[in-house]
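Listed below are the residues making up each chain.
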Amino acid sequence: MNTFFAISTGPARSDYLTLGAVKALNRCKTIFYPVTGGEKHIAFDCVREAVDISDKTCVGIKFSMTADEKKTSGEYDDFCAQVEKALVKGDVAMVAIGDVSVYSTAARIGKMLRKKGVPVSFVSGVTSFCAAAGEFALDLAEADEGIRIVPGDAFFSAGKIDSVLDDAGAKIFMKSPRHLKEIIDIALKKKPADKLYLVQGAGYENKRLFSGRDIESLPAEVFDKAYMSVLIVM
């Protein structure tokens, strides 16, 4: 039986694709990629820079960015049906920005397909927070130190930011488009500014990096474009 591959592209550039990802993409007949609006599709752009797609079927897919679980579940069911149909023709890939094992729709699709008896393979990649740490040459953990990955908006809404910041080790805030400013304000009350590192568009040519004094006086536009942000608090 043909295989569904959930393939990590890394944050933003084709040179983040692993050799394993390129090898898996080369064997797939169909490639599904996320569509988030506009004409630029980050994950797909990475793929076509590294892989010959001339003989492949490439399909953009769009999922609603909503908390309505009934709606999203319906969309996922419909997409699984598309994948199963494509699997008749050969192996299928779904590409995802960053790593498919971290906050990834591809991972959820993979679990659904596995329950249906479809062979599923995850191809690991560079996470956005590792790319962000690399921009500042940060050592996120030494010896026995821990690292905590936090969905910022959800934890802010639940009033958990203070307690997270009290934990030892590096704290990595992702998924914070609505409350990034408030999270930074709370962090600055607990930590020196030079312990905060904000990266927008890790891996992009037009990436933006803020720490120290810069993070104490961020322009409003930073919070207007907070979707692709990673905040690291050391």
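In short, a report on the structure. Computed from a predicted structure; not experimentally measured.

1. Some points on a nonpolar patch on the surface
Among the surface-exposed residues, I97, Y227 and M228 lie close enough to one another that they form a single nonpolar patch of about 280 Å² accessible area. Of note, I97 is situated in the loop between β4 (92-96) and α4 (105-115). Judged by relative accessible area, which is 34%, I97 ranks as partly exposed.

2. Overview of the sheet that holds strand β7 (residues 170-174)
The five strands lie next to each other as β6-β7-β10-β8-β9, forming an open sheet whose pairing is mixed. A single partner strand is all that each edge strand has here, and the edge strands are β6 (147-151) and β9 (208-211). Within the sheet, the average angular offset between the axes of one strand and its neighbour, ignoring direction, is 15°. As judged from the five bridges shared by β6 and β7, these two strands associate in the parallel manner. Residue pairing for β7: I149 is matched across the bridge by I172. Contacts between helix α5 (residues 128-135) and the sheet are confined to β6, β7, β8 (196-200), β9 and β10 (229-233), with β10 contributing the most and set at about 65° to the helix.

3. As for the sheet that holds β4
The five strands lie next to each other as β3-β2-β4-β1-β5, forming an open sheet whose pairing is parallel. Because the sheet does not close on itself, it has two edges, and the strands there are β3 (57-61) and β5 (120-123). Averaged over all adjacent pairs, the angle separating strand axes in this sheet is 20°, with direction ignored. Pairing of strand β2 (residues 30-34) with β4 involves three bridges; the strand directions are parallel. Across the sheet, residue T30 finds its bridge partner in β4, namely V92.

4. Details of helix α8 (residues 180-190)
An α-helical segment advances 3.6 residues per turn. Residues three or four places apart therefore align on the same side. Turning to α8, its buried residues are L180, I183, I184, I186 and A187. Projection of α8 onto a plane perpendicular to its axis shows the buried side chains occupying an angular sector of 165°, all on one side.

5. Describing the environment of L25
Here L25 is to be found in helix α1 (residues 19-27). The spacing of L25 and F136 is 111 residues in sequence and 31 Å in space, taken between C-alpha atoms. Here L25 is in contact with I7, I31, V47, V51, K56, A93 and V95, once residues within four sequence places are set aside.

6. Remarks on a negative patch on the surface
On the surface, D139, E142, D144 and E145 cluster together into a patch of negative charge. By the element assignment, D139 lies in the loop between α5 and β6.

7. What about the packing of helix α3 (residues 69-87) against α4?
Axis separation between α3 and α4 bottoms out at 10 Å; the angle between their running directions is 65°. The angle between α3 and α4 places the two elements in the roughly perpendicular class. In the packing of α3 onto α4, the handedness of the crossing is right-handed. Contacts between α3 and α4 involve E69, T72, S73, Y76, D77, F79, C80, V83 and E84 from the former and T105, R108, I109, M112 and L113 from the latter. When the residues that make up the contact of α3 with α4 are grouped by side-chain class, the tally is seven nonpolar, three polar and four charged.

What counts and how
Residues numbered from 1 in each chain as written. Predicted model: local features only at pLDDT ≥ 70, side-chain atom pairs only at ≥ 80, totals over all residues. Heavy atoms only, no water. Patch = residues over 30% accessible without salt bridge, like charges linked within 9 Å, V, L, I, M, F, W, Y side chains within 5 Å. Areas by Shrake-Rupley, 256 points an atom, 1.4 Å probe, with all protein chains shown as cover. Salt bridge = Lys/Arg side-chain N within 4 Å of Asp/Glu carboxyl O. Helix = DSSP H or I, 4+ residues; strand = E, 2+ residues; numbered from the N terminus. Buried < 20%, exposed > 50% of the residue type's maximum accessible area, 1.4 Å probe, protein only. Pairing = 2+ DSSP bridges. Axes fitted to C-alpha atoms, helices over the stretch in contact; angles between N-to-C directions. Contact = heavy atoms within 4.5 Å. Arc of directions from axis to C-beta. Lys, Arg positive; Asp, Glu negative; His and termini not counted. Charge placed at Lys NZ, Arg CZ, Asp CG, Glu CD. Parallel < 35°, antiparallel > 145°, perpendicular 65-115°, else oblique. Left-handed = near helix turned anticlockwise from the far one by under 90°. Nonpolar A, V, L, I, M, F, W, Y, C, P; charged D, E, K, R; others polar.

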